Amino acid sequence: MLTVLHSASLFGADGFVVTIECSVADKLPLFEIVGLPDNAIKESKERIRVAAESSGLFFPDCEIVINLAPADIKKAGSAFDLAMLIGIFAGAGHIKCDFSKKCFIGELSLSGEVRPVRGMLCMCAAAAKAGLTELYVPAENAAEASVIDGVTVHPVKTVRELYEALCGRLELETTVFDKSIFFSSVSHTTLDFSDVRGQERAKRAIEIAAAGSHNILMLGSPEQEKVCSQSGYRQFFPQ
């Protein structure tokens, strides 16, 4: 049986939606993942199997083929674990529901817990833009995902919990955006990049480095900084 559902990934700093096509057939046992997956995705086969068994759920012993579309874009990371496992259960006939507006993002542990992943905000923004309104994400990422407008965020702690919810035997909670979580610790300062005149490339480089936790080397002594008192902004001159 073929099941189609959605997840999301990152391409640089941008998120994009990935369609999970899962085929479960009554043939000789096989588990194959195609669609340019990296090693982390290929290794998910064992995480998925053990997570299902640890959760007390039956994992089908048959031919399983999963395609990550679009197939011409390299996929990386462990955020597809949850979507692939749900796709397998649906393909085996264990789950019957409408997946057209749902998006599943999360990494699985061997114990069946759903672990957080990086880049959740960008992935959820891409999912919302694609018209996916129900997001199932790790509980630790739920507050971050709730920033996106127009979506319903369901925090998921375990595989068993999500399985029971999709079968209609359990109702998952929803997470509502709470400004205090994000802005209570923000320090107020009089200096900002808006005070810097010009240097667009330098500012852009620093923003990218900060967003991706990259290293950056800045050359030039503090004496090269000039303060323009007349206009009230700072002006920087590179070396």
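About the criteria used
Residues numbered from 1 in each chain as written. Predicted model: local features only at pLDDT ≥ 70, side-chain atom pairs only at ≥ 80, totals over all residues. Heavy atoms only, no water. Phe/Tyr/Trp six-rings, centres within 6.5 Å; stacked < 30°, edge-to-face > 60°. Buried < 20%, exposed > 50% of the residue type's maximum accessible area, 1.4 Å probe, protein only. Core = buried A, V, L, I, M, F, W, Y, C linked by side-chain atoms within 4.5 Å. Helix = DSSP H or I, 4+ residues; strand = E, 2+ residues; numbered from the N terminus. Contact = heavy atoms within 4.5 Å. pLDDT = per-residue confidence, 0-100. Salt bridge = Lys/Arg side-chain N within 4 Å of Asp/Glu carboxyl O. Polar contact = N/O pair within 3.5 Å; in protein donor to acceptor, adjacent residues only side chain to side chain. Axes fitted to C-alpha atoms, helices over the stretch in contact; angles between N-to-C directions. Parallel < 35°, antiparallel > 145°, perpendicular 65-115°, else oblique. Left-handed = near helix turned anticlockwise from the far one by under 90°. Nonpolar A, V, L, I, M, F, W, Y, C, P; charged D, E, K, R; others polar.

Caption draft 1: Broad picture of the packing of aromatic side chains. If you walk through the whole model with that rule in mind, you get four aromatic pairs. Judged by centre distance (6.0 Å) and plane angle (65 degrees), the rings of phenylalanine 99 and phenylalanine 104 are edge-to-face. The buried category is assigned to phenylalanine 99, whose relative accessible area is 8%. The rings of Phe99, Phe104 and Tyr136 are connected pair by pair, giving a single aromatic cluster.

Caption draft 2: Focus on the nonpolar core. Counting 40 residues, the largest nonpolar core has Ile20, Ile64, Ile66, Leu68, Met84, Phe104 and Leu162 as its most contacted members. Mapped onto this core, the elements with two or more residues apiece are strand E2 (14-25), strand E3 (30-34), helix H2 (44-54), strand E4 (63-69), helix H3 (81-91) and helix H6 (159-166). Counting residues per element, this core draws most heavily on H3, at eight residues. Among all residues touching isoleucine 64, those that are not within four sequence positions of it are Cys22, Ser23, Val24, Leu30, Phe31, Glu32, Phe59 and Ile88.

Caption draft 3: Inspection of the confidence of the model for the protein chain at higher detail. The predicted model of the protein chain averages 88 in pLDDT, with 86% of residues at 70 or higher. In the predicted structure, residues 225-239 sits below a pLDDT of 50 and forms 25 contacts with residues beyond four places in sequence or in another chain.

Caption draft 4: Seen up close, the pattern of salt bridges. Applying the stated rule across the entire model yields seven salt bridges. The salt bridge involving lysine 203 is made with glutamate 200; its shortest N-O contact spans 3.4 Å. Of the two residues, lysine 203 and glutamate 200 both sit in helix H8 (residues 200-212), three residues apart, roughly one turn of that helix. Note that glutamate 207 is salt-bridged to arginine 204, the shortest N-O span being 3.9 Å. Highlighted residues: glutamate 207 and arginine 204, both in helix H8, separated by three residues, approximately one helical turn. On the accessibility criterion, arginine 204 (51% relative accessible area) is exposed. When salt bridges that share partners are traced, they join Arg160, Glu164 and Arg169 into one network.

Caption draft 5: Region of the structure containing the side chain of serine 55. Within the element layout of this structure, serine 55 appears in the loop between H2 and E4. A polar contact is formed between the side chain of serine 55 and the backbone oxygen of alanine 51, at a distance of 2.8 Å. Beyond its immediate chain neighbours, meaning those up to four positions away, serine 55 contacts Ser111, Gly112, Val159 and Arg160.

Caption draft 6: Examining the packing of H3 against H6 more closely. Contact geometry of H3 with H6 gives a least axis separation of 12 Å together with a crossing angle of 45 degrees. On the basis of their axis angle, the class for H3 and H6 is oblique. For H3 against H6, the interelement crossing comes out right-handed. Of the residues in H6, those in contact with Leu82, Leu85, Ile86 and Phe89 of H3 are Val159, Leu162, Tyr163 and Leu166. Residues belonging to the contact of H3 with H6 are distributed by class as follows: eight nonpolar, no polar and no charged.

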